[in-house]
Amino acid sequence: MIYRRCACRTADGRAYANLPEHPSPQQLQRACPALVAAHTSGGRHGKWGFYLSRGFDSRGRRLQTRSANFDTRSAALKAFASAKHDHDRGSYVENSRTRFAAWLDDWLSSRIQRGDLKPSTVQNYRRYIDQDIKDSPLGAMRVTDIRRSHIRQFIDDLGASGRGATTIRRIVAVVQGSLTAAVHEDLISTNPARGVKLPTVGRHDFEPWSPAQIGAFLDSAAADRLGPLFEFAVFTGLRRGELLGLRWEDVDVASYKLQVRRTRIQTERGVLEQSPKTTSGRRIVDLDEAAVGCLMEWQLRQQSECTALGATWSTSGYVFTSPAGDPLLPQYVTRLFDRIRNRAQLPKMTFHGLRHEHASLLIESGADIALISKRLGHSSIGITSDVYSHLIGDAARKAAGRASALVPRERTAQRVHNEQ
């Protein structure tokens, strides 16, 4: 039903009744005189609205929708027709007064209660929500009012504030996930953030150290107590968190294998230990003679430290520990890596670069890409190919050259051409 309303009041301060599009004499008497005059003469006093009856709920209560902020009758009719169409096909959602900022809190709380987010992910989501979304114009909007244009403006604002492409994509992923949940809860009918264009992340190909530079780094690291940790990182390709989360119970020296079962990561609230994010991350890694020798050397040192401290030594069970047997802090290991790299006067690289160094050595040796992908714990071969495509190309050309050299020839097409 289409009707008109206004904000005028009677002499005693009461609100006038709404005026239906086809009013009865009684309804005309209860309506605002100015509204009745506008209804008769076609004036513009008041606003147009619609009323949609949606039946009854399971308790027998009448369901209805009202909206009355339209400037023209045609606008109200169009909105009414759209709402009725959605209702008839079962896709209608009620307008909600819930602000996006409040919905984000509810959504994250429900995810935490379900336990399907790791602590580190919760921390990142909370930081993006509090620092980037809540105080933005998008956070102040009602969830039901958000449109794709608002999402695009939000992305533009993030870029203008200096946020990088990778960070923007992560922030928008939070927006997309929360709005998908809003669809599932029938708060909105479609996700306006779905498929929105995101900034492109510039690709920076990893340039590995040469074997000689890797050797120089390890020689420099050998002078430090934790030298075996960095040597083991190069020989296995484990992530920093995987190295620091490794326990002796995960290592089978006799079988030359280890299992990646947990990872230790640095967060704002301290160090958290958790299982790898993906099933591919939980893996078995084969060890070579160098890696096993490194572990055995380290184990002897650790046993010596344990004997020296006696009962005060911490029996934590971790492979790489402090002199007192406590697990290492991730930030400390990173700072130590930087000191050793600077001491060896090597090009700048992060600790994570040692993982890439391991991969580059495998590629250079001609290892199969599927083997490399599984060893590194990538979720797909495609990820490995994307990250190391420039290195794979060089290794493939060298492999092709070695293959050609295996074929004995007395004459080649090039030689015949030169003789002519």
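For clarity, every value in this text was computed on a predicted model and none was experimentally measured. (Residues numbered from 1 in each chain as written. Predicted model: local features only at pLDDT ≥ 70, side-chain atom pairs only at ≥ 80, totals over all residues. Heavy atoms only, no water.)

A. Broad picture of the overall build of the protein. Along the backbone of the protein there are 17 helices and 9 strands. Every one of the 420 residues in the protein was classed for burial, and the buried ones make up 38%. For the protein, contacts bridging at least 24 residues in sequence account for 59% of all contacts bridging at least 6. Carbon and sulfur atoms make up 51% of the accessible area of the protein, which totals about 24000 Å². (Helix = DSSP H or I, 4+ residues; strand = E, 2+ residues; numbered from the N terminus. Buried < 20%, exposed > 50% of the residue type's maximum accessible area, 1.4 Å probe, protein only. Contact = heavy atoms within 4.5 Å. Areas by Shrake-Rupley, 256 points an atom, 1.4 Å probe, with all protein chains shown as cover.)

B. Seen up close, unusual backbone geometry. You will see that Y256, though not glycine, has its phi angle at about 60 degrees, which is positive. Along the chain, the position of Y256 falls in the loop between strand 5 (251-252) and strand 6 (257-259). We classify Y256 as partly exposed; its relative accessible area is 29%. Phi at Q345 takes a positive value of approximately 55 degrees, unusual for a residue other than glycine. As for its placement among the helices and strands, Q345 is situated in the loop between helix 13 (330-343) and helix 14 (353-364).

C. Fine view of empty space enclosed by the protein. Counted by the stated rule, this structure contains 1 cavity of 30 Å³ or more. Its boundaries defined by the atoms lining it, the largest cavity holds a volume of some 30 Å³. Together, E242, G245, L246, D250, Q259, V260, R261 and R262 line the largest cavity. (1 Å grid on protein atoms, 1.4 Å probe; cavity = no way out; pocket = protein on both sides within 12 Å on 5 of 7 lines; lining within 4 Å. Points joined across faces, edges and corners; volume = space filled by probe spheres on them.)

D. Expanded view of the pattern of salt bridges. Under the defined criterion, the tally for this structure stands at 20 salt bridges. Between D12 and R14 there is a salt bridge, with the nearest N and O atoms lying 3.6 Å from each other. We note that D12, like R14, is exposed. Taken together, the shared-partner salt bridges in this structure form one network comprising R247, E249, D250, R261, R262, R264 and E273. (Salt bridge = Lys/Arg side-chain N within 4 Å of Asp/Glu carboxyl O.)

E. Region of interest: the nonpolar core. In terms of nonpolar packing, the biggest core is built from 38 residues, with F230 and F232 touching the most fellow members. Residue assignment for this core shows that the elements contributing at least two residues are helix 9 (211-221), helix 10 (227-236), helix 11 (240-244), helix 12 (289-309) and helix 13. No other element matches helix 10, which puts 6 residues into this core. By size, the runner-up hydrophobic cluster in this structure holds 30 residues, among which are L117, Y128, I171 and V172. (Core = buried A, V, L, I, M, F, W, Y, C linked by side-chain atoms within 4.5 Å.)

F. Looking closely at the side chain of T321. Locating T321 in the fold gives a position in the loop between helix 12 and helix 13. In this structure the side chain of T321 is engaged in a polar contact, spanning 3.0 Å, whose partner is the side chain of Q302. Once residues within four sequence positions are removed from consideration, T321 is found in contact with R225, L226, W298, Q302, W313, S316, D326 and L328. (Polar contact = N/O pair within 3.5 Å; in protein donor to acceptor, adjacent residues only side chain to side chain.)

G. Summary view of the layout of surface pockets. Here the second largest pocket defines a volume of roughly 610 Å³. Lining the second largest pocket we find 22 residues, and of these R239, T263, I265, K277 and H352 sit closest to its centre. Of all the elements in the fold, those that place two or more residues in the lining of the second largest pocket are helix 11 and strand 7 (263-267). Counting residues per element, the lining of the second largest pocket draws most heavily on strand 7, which supplies 4 residues.

H. Spatial organisation of helix 14. Counted at 1.5 Å a residue, the expected span for helix 14 with its 12 residues is 16 Å, and the 16 Å between its end C-alpha atoms agrees. For helix 14, a buried count of 10 out of 12 residues is recorded, marking the element as mostly surrounded by other parts of the structure. Among all positions of helix 14, only G353, L354, R355, H356, E357, H358, A359, S360, L362 and I363 are buried. In the segment just after helix 14, G366 is the residue with positive phi, at about 90 degrees. (Expected span 1.5 Å × (residues − 1).)

I. Main features of the side chain of E242. Relative to the assigned elements, E242 resides in helix 11. Judged by relative accessible area, which is 4%, E242 ranks as buried. In terms of polar contacts, E242 uses its side chain to reach the side chain of R283, at 2.9 Å. When sequence neighbours within four positions are dropped, the list of residues in contact with E242 reads V260, R262, T263, G281, R283 and R355.

J. Expanded view of the packing of aromatic side chains. Under the criterion given, the structure shown has 11 aromatic pairs. Residues F232 and F320 carry aromatic rings whose centres are separated by 5.9 Å and whose planes lie at 50 degrees to one another, so their mutual orientation is tilted. Residue F232 is found in helix 10, and its partner F320 is found in the loop between helix 12 and helix 13; the two are separated by 88 residues along the sequence. A single burial state applies to F232 and to F320, both of which are buried. Ring centres of F337 and F351 lie 5.7 Å apart, and the angle between their planes is 80 degrees; this geometry places the pair in the edge-to-face category. Taken together, the residues F337 in helix 13 and F351 in the loop between helix 13 and helix 14 connect sequence positions 14 residues apart. Among the residues examined, F337 registers a relative accessible area of 0% and is labelled buried. Residue classification places F351 among the buried positions, given a relative accessible area of 6%. Taken together, W209, F217, F230, F337 and F351 form an aromatic cluster joined through their ring pairs. Lying across the ring of Y318, R264 places its NZ or CZ 5.3 Å from the centre. (Phe/Tyr/Trp six-rings, centres within 6.5 Å; stacked < 30°, edge-to-face > 60°. Lys NZ or Arg CZ within 6 Å of the ring centre and 35° of its normal.)

Interpretation in functional terms is not warranted from these geometric data alone.
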